[in-house]
Amino acid sequence: MSVYSGNCGSLTCITGNDDDPSCSSGVGATSSTFTFNPSITNPPSTEAERVFFYVKGAANNYGEFTLIVDDISPLNDICSLAESIDVPFGGIASTSGTLLNASDFGAPVDCGTGVDNSDSGGVWYTFIGGNNRIFEISTCSDNTNVDTEISVFASPCTSLTCVDGNDDDGSCTDGGGSTSSSFTFTSAEAVTRYYVYVKGNGGATGTFDITIEDFNPENDLCENNIRLFPNGGSDSVTGTLDIFATTTGAFASCDSEVDNEDFGGIWYTFEGRMDHTY
């Protein structure tokens, strides 16, 4: 079996195989197996390239066979296929990832790590920020077994703007330890899609967990208010005012001596009856 790039009128050999001694199915060691990257001999100008397989029987053998093609690279190793992480307001979201066989095609230049990202493959994640919300992105986890680097960019993929990044987080005591990465930043006031690029330091490969945390209270925007139900009785809720509450959407003073626009706060709501006193 042989594999080629190009087109039928001008094929370029990539690689091939005759016998695979590790195969224990079917005709065993006389089956064929190989691993390849289409860009090895013919660097692609786009994110996808057509390849051609030629299968023949050794010594003019004939019979049926099954051709299996496995893509063993992670799907999200290009920006346009970044894995989306839904971070709840005031909450945490995480997912597992791998750098094994990740492509370096379209890898960005250095962004906050001090290392040229284009020297090895990485994977992409994306999430929505904005309203000056503060996010922490981290690979510090018991499931991280690789020295990671993370870079954060503002969208779009076709024109990424570097926010910042991190190589080693010396405070991490889990999994990858001090070689895990952690980065905290304040997102833009306007709703913005961010992209996170994770790669291994010096081309290292392995698996990791990535966690994104929104430090802000979940109800520091009016539209995310927490609802109370006091009618005919009483209702209560415990809240926390901290430095992470955003001032985005804060209203000017309302019968108070302090201008509300200068400080972050949190929102609640209830449906009041006009004939009731609260």
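Look up a bit, the structure's there.
Quick summary incoming for the structure in this document. Per chain, residues are indexed from 1 in the order of the written sequence. Thresholds applied to this predicted model are a pLDDT of at least 70 for local features of residues and 80 or more for the giving and counting of side-chain atom pairs; totals over whole chains, interfaces and linings are not thresholded and use all residues. The basis for the side-chain values is all heavy atoms of the structure; hydrogens and waters are excluded.

### Some words on the state of the cysteines
Defined simply, a disulfide is a covalent bond joining two cysteines at their sulfur atoms. Note the cut-off: Note on disulfides: each one is a pair of cysteine sulfur atoms within 2.5 Å. Strands are runs of DSSP state E lasting at least two residues, helices are runs of H or I lasting at least four, and both sets are numbered from the N terminus onward. Per-residue accessibility, obtained with a 1.4 Å probe over protein chains only, is compared with the maximum for each type, and a residue is labelled buried under 20%, exposed over 50%, and partly exposed between these values.
Evaluated as defined, the whole model comprises three disulfides. Disulfide pairing is shown between Cys 79 and Cys 157; the S-S distance is 2.0 Å. Residues Cys 79 and Cys 157 are joined through a disulfide that is left-handed, its torsion about the S-S bond being -80°. With Cys 79 in the loop between β3 (51–54) and β4 (83–84) and Cys 157 in the loop between β8 (148–154) and β9 (161–166), the pair connects residues that are 78 residues apart, well separated along the chain. A relative accessible area of 10% means that Cys 79 is categorised as buried. Note that Cys 140 is cross-linked by a disulfide to Cys 172, the S-S spacing being 1.9 Å.

### Focus: the sheet that holds β4
Condition: By definition, two strands form a pair when at least two bridges between them are found by DSSP.
The strand order β4-β6-β11-β8-β9 describes an open sheet built from five strands, whose pairing is mixed. Across the chains shown, the open sheet's two edge strands, defined by having one partner strand only, are β4 and β9. Bridge analysis of β4 against strand β6 (residues 122–129) gives two bridges, and the strand direction is parallel. If you follow Glu 83 over to β6, its bridge partner there is Tyr 125.

### Concerning the packing of aromatic side chains
To keep things clear, this is the line we draw: Pairing of aromatic rings covers Phe, Tyr and the six-membered ring of Trp, with a centre-to-centre limit of 6.5 Å; geometry is then stacked below 30 degrees between planes, edge-to-face above 60, and tilted otherwise.
In the structure shown here, the tally under the stated rule is nine aromatic pairs. Between Trp 124 and Tyr 197, the aromatic rings sit 4.6 Å apart at their centres with planes inclined by 50°, giving tilted as the arrangement. Remark: Tyr 197 occurs in strand β11 (residues 192–200) and Trp 124 occurs in strand β6; sequence separation between them is 73 residues. Tyr 197 carries the same exposure label as Trp 124, and that label is buried. With a centroid separation of 5.2 Å and an interplanar angle of 70°, the aromatic rings of Phe 185 and Tyr 194 are classed as edge-to-face. For the pair Phe 185 and Tyr 194, one class covers both residues: buried.

### Thoughts on the pairing of strand β2 (residues 10–16)
Remark: a regular strand shows side chains that alternate across the two faces of the sheet. Bridge analysis of strand β1 (residues 2–7) against β2 gives six bridges, and the strand direction is antiparallel. Paired with Tyr 4 across the bridge in β2 is Cys 13. The hairpin turn running from β1 into β2, its antiparallel successor, is two residues long.

### With respect to unusual backbone geometry
Following Ser 155, the chain continues to Pro 156 via a peptide bond in cis, the omega torsion being 5°. With phi around 65°, Asn 101 is a residue other than glycine that occupies positive phi space. Looking at the secondary structure, you find Asn 101 in the loop between β5 (92–98) and β6. For Asn 101, a relative accessible area of 44% corresponds to the partly exposed category. One non-glycine residue, Asn 132, adopts positive backbone phi at about 60°. Position of Asn 132 relative to the elements: it lies in the loop between β6 and β7 (134–138). In this structure Asn 132 comes out as partly exposed when scored by relative accessible area, which is 25%.

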